[in-house]
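# Structural features, examined
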Amino acid sequence: MVLAASGIILQDKKILLLQRSHYTENYPEFWGCPGGRAEIGETAEQNVIREVKEECNLYFSPSEIIKTGIWQDRKYYRFLGNWTGEIKIQELEVLDYNWFSFGEASKLKLAFDYREIIELLYKNRQLL
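Presented here is a report on the structure given in the accompanying data block. (Residues numbered from 1 in each chain as written. Predicted model: local features only at pLDDT ≥ 70, side-chain atom pairs only at ≥ 80, totals over all residues. Heavy atoms only, no water.)

## A few points about the overall build of the protein chain
Test applied: Put simply, DSSP marks the helices as runs of H or I at least four residues long and the strands as runs of E at least two long, and each gets a number from the N terminus on. It is over C-alpha atoms that the radius of gyration is taken, and the globule rule equals 2.2 Å times the number of residues to the power 0.38. By definition in these notes, contact holds between two residues if any of their heavy atoms fall within 4.5 Å.
Helix and strand content of the protein chain: three helices and eight strands. Listing each helix as α and each strand as β along the protein chain from the N terminus yields β-β-β-β-β-α-β-β-β-α-α. Compactness check: the protein chain gives a C-alpha radius of gyration of 13 Å against a globular reference of 14 Å for 128 residues, within 12% of the reference. Long-range contacts, defined here as pairs at least 24 residues apart, represent 65% of the contacts in the protein chain between residues at least 6 apart.

Below you can see the structure in the form of structure tokens.
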């Protein structure tokens, strides 16, 4: 089974979402958190740190797993964590990015399980 992970990045009760490019077969132009498949030998934590850095140039430090699951052939992890740096998107995989409130994010076409993620964050008062 393939391992995949994504980083949930929050600032001022808003979530960072990236719009996926046509580089991917899954959910092109949909929005989601930075993440992707692990390389051989990577742990979920190593995977999310690398993917966040590659996709949006932030240094991410996972602090908590808020959800795990299986999608197709992938075991995935959703990490909440701390971050530093300046956003610079990887233009091959990412069309756009922005910080969204719960209300704004709810109106987007969200990939994978990210609708469930934003609802969980809203319920926990981490997203308003």
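## Remarks on helix α3 (residues 114–123)
Spelled out, the test is: Throughout, exposure labels follow a simple rule: accessible area from a 1.4 Å probe, protein chains only, divided by the maximum for the residue type, with under 20% read as buried, over 50% as exposed, and the rest as partly exposed. By arc we mean the arc of the directions from the helix axis to the C-beta atoms, nothing more.
By the burial criterion, the buried members of α3 are Tyr114, Ile117, Ile118 and Leu121. The buried side chains of α3 occupy one side of the element, clustering within an arc of 95 degrees when seen end-on. Two residues or fewer after α3 comes Arg125, characterised by a positive phi angle close to 60 degrees.

## A word on the pattern of salt bridges
Rules: A carboxyl oxygen of Asp or Glu within 4 Å of a side-chain nitrogen of Lys or Arg is what we treat as a salt bridge.
If you walk through the whole model with that rule in mind, you get eight salt bridges. Put simply, Arg50 and Glu39 hold a salt bridge, and the shortest N to O gap is 3.7 Å. Of the two residues, Arg50 is situated in helix α1 (residues 44–56) and Glu39 in the loop between β5 (35–37) and α1; the sequence distance between them amounts to 11 residues. Using a relative accessible area of 17% as the deciding quantity, one classes Arg50 as buried. Note that Asp73 is salt-bridged to Arg74, the shortest N-O span being 3.9 Å. For Asp73, a relative accessible area of 43% translates into the label partly exposed. Residue classification places Arg74 among the buried residues on the basis of a relative accessible area of 15%.

## Here we look at unusual backbone geometry
With a phi close to 50 degrees, Asp12 is a non-glycine residue in the positive phi region. Here Asp12 shows up in the loop between β2 (10–11) and β3 (14–20). Phi at Asn57 is positive, roughly 70 degrees, even though this residue is not glycine. Residue placement: Asn57 occurs in the loop between α1 and β6 (59–71). Using a relative accessible area of 27% as the deciding quantity, one classes Asn57 as partly exposed.

## Re the environment of Glu45
Mapping Glu45 onto the fold places it in helix α1. You can call Glu45 partly exposed: its relative accessible area is 38%. Distance in space between the C-alpha atoms of Glu45 and Leu58 is 15 Å, their sequence separation being 13 residues. With near-sequence residues (within four places) excluded, Glu45 lies in contact with Pro62 and Phe79.

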